[in-house]
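A structural walkthrough
The lines below spell out each chain.
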Amino acid sequence: MTLFRAELHRIARRRLSLLFGIFAVGGLLLITAIMWFNSSTGPSEADLAAAQQMADDANAQYEDCAADERYFENDPDYSWVADDPWYGEMPHEQACAEMFLVGAEAEDYIYVYTFQFDEEGVFLLIGVAIVTGLLSMLLAASAIGAEWSSGGMANLLVWHPNRMKVWGAKLAAALALCAVAVVAMLVLAFALLYLTAAVRGDTGTLNAAWWEDTLARLGRTAVMALGMTVIGSALAMLGRHTAIAGGVIVGYLTVGELLVSFVRFGVNSIKYPDLLSLYTWIGAWIEGRMELEYWDPVTGLPDQLVLTATHAGLVLGAIMLVFAALATWSFAKRDAA
Amino acid sequence: MPPVIEISGLRKTYRKLLRQPHNALDGLDMEVAAGQVHGFLGPNGSGKTTTLRALLGLIGTDGGAMRVFGEEVPRRLPQVIGRIGAVVESPQFFKHFSGRLTLQVLAESAGIASARVDEVLEQVGLRDQAKQSVKGYSLGMRQRLAVAQALLKRPELLVLDEPANGLDPAGIHHMRELLQWLAHEQGVTVLVSSHLLSEVQQLCDSMTIVSRGRRIVDGKVADIIAGHSGSQLSVRFADAGEIGRAMEVLASAGDGVSVAAERERLVVTGAPEAAWVTRTLADAGLYLSELTTETKNLESVFLELTGTAPQAGQPVQVGQAVPAPPVGASAETATGGEQ
Ligand SMILES: Nc1ncnc2c1ncn2[C@@H]1O[C@H](COP(=O)(O)OP(=O)(O)OP(=O)(O)O)[C@@H](O)[C@H]1O
Ligand SMILES: [Mg+2]
């Protein structure tokens, strides 16, 4: 217990933790600001009037053109239309319609985006939870990796020879920190985005069904963030260096997935190549359900595979457990210096 | 009182893929008695650090037994670790942590009051640098921090891997006083590995010398030096022609005395004392002109024992020490030292 508290203290006093915290909150504020300035509940009177004026002008131009058979010849700006065989072939009114808008309305000249919290807000919240999970994963990996490469780990083991206790305390501290960070970021994001929607957009109706669905998805995302933290810690334990753990994570997310997409296009024997991609399972886990489509190349008949959160949870959980078990075994058996 | 540390037949083999396995420890024995400063000497790569790491459970071993405070380690290490303070690796957690914060986190992890942190920082002379980040510490300051960390638990056994490393003369002097005070006033048992022979000679009460992962000799420092010096006497005569007769006289007069002629002088080994040589020669009507005892310091004893004395300006390569002498020879010196 004292070891766990010391670990928490150690990570909390770390400069990188502060940096990542600032980064996360800053990112959230940026997203909120973007939503704030892009979203509006509707155009103002002046905007509407200006747009109506532009629509009226366009309509007047078409009317002028249609009324005057020699409109193109007389206007030096459009004389090329008169010479063009393509436009020359068609009736005059049709040429006018090609050149100018017919029946323009104010809406054609004004763009209104309304931030819909009950629909889009959920995706932003999920995104916030995933990014917080990624940061927590890197933080845990670098905390353990830095300790290994500096000799601090061996020194700590001289104080606490029970390696399983040390590993448990480190993991528990990283998970506690991740849980606190995810919950705090979600609460903050909810408050900021809801406020944005209330003032500059549409909050929609947050009824019991919405809450149930949203909390389920966010809860699963938070669990995934914890799993990512475990994998980050395990990689640092296995690699014994921050750079190795970080390299494996980034390497997989880039090159690994690229290889998967090559397999997808190159190998026909796999019926659902999407199953090879981690993102498919992550999507199924967060959304709770994912349908993979398949068209038989011979008969052309469709087939489908439904992945539920349970399937995805088993697969992702197994991956996490494999890493955790390898790290535990390696820490228990390998020389620490 | 039983020894605080008992190590017998310790083996450690480093195996690397595609490489020949390397025996870093090859049946090492060591005993450290309570309340003493015990020096641990050996050439580079002779397995000192490896031994200390094994003792502290940082690395696994391939054979042998170790006991600390009578408890089998590493199995029972968690029970005795509270009584052991050690410096084998750098204690830093993160480079930007201050010296004090580094120690505080360690103290917190073991439930030690943080007032003790300032005490040990004072003790190793880091009071004024305590708030500075470890990143900016010099080699000697890091070493002091490491020692402070080891003292934090008020240990009954201190294990230090080259504590003098990087210390300035004042720091070495201070470290020596501190360790001797701990051992002789506080009853702490101190085990230090070192290369600085003069340092060991001044600091340690007893020592173990290892080479190639085996013990060569152990015992009281003074006894070991005495056991290897004074045993050789150099005798000269005004008339070099008398050397031949003197050889016969000395060789026939004493048991176990061996005499060798070396240019203008006689080298006598195994004589009971210098006076015996003078008397024996005088009785035979031979008067020597010069008699010197070849006094040795720890350095020459060390070089002789570990076989790392440089030959004709050739650099000595790490790992080229002579193989350890047979166990009988080492045991003889060992017991000789303790009597
Ligand atoms: N992690 C390791 N992997 C492989 N070989 C190692 C490892 N650690 C030590 N060795 C080998 O074990 C032998 C003993 O090393 P050790 O560090 O114990 O020597 P030492 O007596 O402390 O030397 P020094 O006086 O230079 O500190 C050396 O030959 C070294 O090459
Ligand atoms: Mg060493």
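Up top you'll find the structure we're talking about.
Let me sum up the structure you'll find in this document.

Reading the values: the criteria
- Residues numbered from 1 in each chain as written.
- Chains lettered and ligands numbered in written order.
- Predicted model: local features only at pLDDT ≥ 70, side-chain atom pairs only at ≥ 80, totals over all residues.
- Heavy atoms only, no water.
- Helix = DSSP H or I, 4+ residues; strand = E, 2+ residues; numbered from the N terminus.
- Rg over C-alpha atoms; globule rule 2.2 N^0.38 Å.
- Contact = heavy atoms within 4.5 Å.
- Areas by Shrake-Rupley, 256 points an atom, 1.4 Å probe, with all protein chains shown as cover.
- Lys, Arg positive; Asp, Glu negative; His and termini not counted.
- Charge placed at Lys NZ, Arg CZ, Asp CG, Glu CD.
- Pairing = 2+ DSSP bridges.
- Axes fitted to C-alpha atoms, helices over the stretch in contact; angles between N-to-C directions.
- Near = heavy atom within 4 Å.
- Polar contact = N/O pair within 3.5 Å; in protein donor to acceptor, adjacent residues only side chain to side chain.
- Nonpolar A, V, L, I, M, F, W, Y, C, P; charged D, E, K, R; others polar.

1. So, the overall build of chain A
- Each helix and strand in chain A was counted, giving 14 helices and two strands.
- Relative to a compact globule of 337 residues, whose C-alpha radius of gyration would be 20 Å, chain A shows 29 Å and is clearly more extended.
- Taking the principal axes of its C-alpha atoms as reference, chain A extends roughly 95 × 55 × 45 Å.
- For chain A, the proportion of contacts with a sequence separation of at least 24, taken over those separated by at least 6, is 74%.
- Accessible surface computed for chain A: about 17,700 Å², of which carbon and sulfur atoms make up 66%.
- Across chain A, 18 positive and 35 negative side-chain charges occur, with their mean positions spaced 37 Å apart.

2. Considerations on the sheet that holds strand β2 (residues 22–32) of chain B
Residue and element names in this part refer to chain B.
- Reading across the sheet, the four strands line up as β2-β1-β4-β5 and stay open at both edges, with antiparallel pairing between neighbours. At either end of the open sheet lies a strand with only one pairing partner, and these are β2 and β5 (71–73). Shown here is a sheet whose adjacent strand axes are inclined to one another by a mean of 30°, direction ignored.
- With five bridges connecting them, strand β1 (residues 5–14) and strand β4 (residues 63–68) associate as antiparallel partners. Bridge pairing in β4 links Ile7 to Met66.
- Seen against the sheet, helix α1 (residues 48–55) touches β1, β2, β4 and β5 and runs at an angle of roughly 110° to β1.

3. Quick look at the site of ligand 1
All names here are of chain B.
- Taken together, 14 residues are adjacent to ligand 1, and Gly45, Lys48, Thr49, Thr50 and His195 come closest.
- A distance of 3.3 Å is found between a nitrogen atom of ligand 1 and a side-chain nitrogen or oxygen belonging to Tyr14.
- One of the backbone N or O atoms of Ser46 is found 3.2 Å from an oxygen atom in ligand 1.
- In isolation ligand 1 has 630 Å² of accessible area, and contact with the protein removes 69% of it.
- Of all the elements in the fold, those that place two or more residues in the shell around ligand 1 are β2 and α1.
- With three residues, the single largest contributor to the shell around ligand 1 is α1.
- Within the shell around ligand 1, the residues separate by chemical class into three nonpolar, eight polar and three charged.

This is a description of form; function is not addressed.
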